[in-house]
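# Examining the three-dimensional arrangement
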Amino acid sequence: MTEDIRDKTSLCHDDVIGLNFIKASGPHVFRRHFRQGLRSHIMEILKQADVAIESRGTMIDGTRWFPRARPTHMLRIFRTKLTSLESALSEIKRVKVIERYLGPDFIAESSEFLVDYYGPDGPCIMLCGFQAYVPGEILDPWTLLDGDRLFASLYANLQRRDACSGARLTEWIAVARHKADRFVGQIKQMVRDVRHIPDLAGAGNLVLNREGQIRLVDINNISPVAFNDAIPLDDKGYPVCDKSIEALSLIERKVLGRPIDFQDPLYRFFLDPDRLKRVNCAEERFYRIQT
């Protein structure tokens, strides 16, 4: 029996073009993106011509180069098996909450769509997303670097040249910090208004581009924020709410260069030392189960 595509560990081009709603003779190549989420398969959509050049190379000034094909867009295939149209629309509404507060500046814009997927158990509803590709460097809140050291490292990788001297780096840092301040403000506004927060804690969920703009690329996991003693876990068993708030505080400290304000009710409650210990225990349990 054919395996349900949502249950597969990873996908390849043939898996995608074998889907009943994908045109097999289309002009694109689908390739597994290096960053895979627990909730979605993430596939790069590449031009066939670009993949061909990547494979055979191209001559530039007498030297053969093998430039990696850059995606035009990303295809996200939601892993969760939706039980009804209502549950599918509920997932889309959660994405729309993120778009309302972070779009278009701070997210990788995505068009969500529902399809009839013909799997081994017959036809069912499946959620997918056609998402903009965001080039840039991963902004890891958990990195050991902070302040100008963090920015210098990111800038050097983005610009592909010596970025650690001259005024241009200084100007770029100022722009990036201003935009990061707006990003943090929009996240806090979302928490205040609708008591929800996106997943800021996952590896690779935040990307910083050449213009110093932070973009959230994983938009499928948004957690309720409740000020009570319970440590909420998502459907995979991860304490995503608490870890996202901790990640937000690290962005303020490491990117914006300001100390954590424990007068802020959000940080005063969720960064309480006793609560942090319980959250860390929940996170350890999650990783033990994953391994």
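These notes cover the structure that comes with them. Worth saying up front: this structure is predicted, and the values here are computed from it rather than measured. (Residues numbered from 1 in each chain as written. Predicted model: local features only at pLDDT ≥ 70, side-chain atom pairs only at ≥ 80, totals over all residues. Heavy atoms only, no water.)

When glycine is set aside, most residues are seen to have a negative phi, and most peptide bonds are trans. Here the bond from G103 into P104 is cis, since omega is -5°, no more than 30 degrees from zero. Mapped onto the secondary structure, P104 falls in the loop between α3 (85–102) and β6 (110–119). Phi is positive for D61, close to 55°, though the residue is something other than glycine. Examined against the element boundaries, D61 turns out to sit in the loop between β3 (58–60) and β4 (63–65). (Helix = DSSP H or I, 4+ residues; strand = E, 2+ residues; numbered from the N terminus.)

One open sheet accounts for three strands, arranged β8-β10-β11; its pairing is antiparallel. Whereas interior strands pair on both sides, the edge strands pair on one side only; in this sheet they are β8 (137–138) and β11 (214–216). Where β8 lies against strand β10 (residues 206–208), two bridges are found, and the strand directions are antiparallel. Residue E137 lies in a different strand from β10, and its bridge partner there is L208. (Pairing = 2+ DSSP bridges.)

This part covers the sheet that holds strand β5 (residues 73–78). In space, the five strands of this open sheet follow the order β1-β2-β5-β7-β6, with antiparallel pairing throughout. The open sheet has two free edges, formed respectively by β1 (28–32) and β6, since each of these has just one partner strand. Taking the axes of each pair of neighbouring strands and ignoring which way they run, one obtains an average angle of 30° across the sheet. As judged from the 10 bridges shared by β6 and strand β7 (residues 122–132), these two strands associate in the antiparallel manner. Counterpart to Y117 in the pairing with β7 is C124. Contacting β1 and β2 (40–47), helix α2 (residues 48–56) crosses the sheet at an angle of about 85° to β2. (Axes fitted to C-alpha atoms, helices over the stretch in contact; angles between N-to-C directions. Contact = heavy atoms within 4.5 Å.)

On to α3. Over its 18 residues, α3 runs 26 Å from end to end, which matches the ideal 26 Å to within 8%, given 1.5 Å per residue. Among the residues of α3, A88, E91, I92, V95, V97, I98, Y101 and L102 are the ones counted as buried. (Expected span 1.5 Å × (residues − 1). Buried < 20%, exposed > 50% of the residue type's maximum accessible area, 1.4 Å probe, protein only.)

Here we take up the packing of helix α6 (residues 240–254) against helix α8 (residues 273–290). Taken N-terminus to C-terminus, the directions of α6 and α8 make an angle of 120°; their axes are 10 Å apart at the nearest point. Judged on the interaxial angle alone, α8 and α6 are oblique. As for the relative orientation of α6 and α8, their crossing is left-handed in sense. Seen from α6, the contacting residues are D242, K243 and E246; seen from α8, they are R275, L276, V279, N280 and E283. Here the residues of the contact of α6 with α8 are counted per class, giving two nonpolar, one polar and five charged. (Parallel < 35°, antiparallel > 145°, perpendicular 65-115°, else oblique. Left-handed = near helix turned anticlockwise from the far one by under 90°. Nonpolar A, V, L, I, M, F, W, Y, C, P; charged D, E, K, R; others polar.)

Turning our eyes to something else, we now look at the pattern of salt bridges. Evaluation of the coordinates by the stated rule reveals 20 salt bridges. A salt bridge links R76 to D218, with the nearest nitrogen and oxygen atoms 3.3 Å apart. Note that R76 is positioned in strand β5 and D218 in the loop between β11 and β12 (222–224), a separation of 142 residues in sequence. The pair formed by R76 and D218 is uniform in burial state, with each residue classed as buried. In this structure, D105 and R182 form a salt bridge, with 3.1 Å as the shortest nitrogen-oxygen distance. Residue D105 is located in the loop between α3 and β6, and its partner R182 is located in helix α5 (residues 167–194); the two are separated by 77 residues in the primary sequence. (Salt bridge = Lys/Arg side-chain N within 4 Å of Asp/Glu carboxyl O.)

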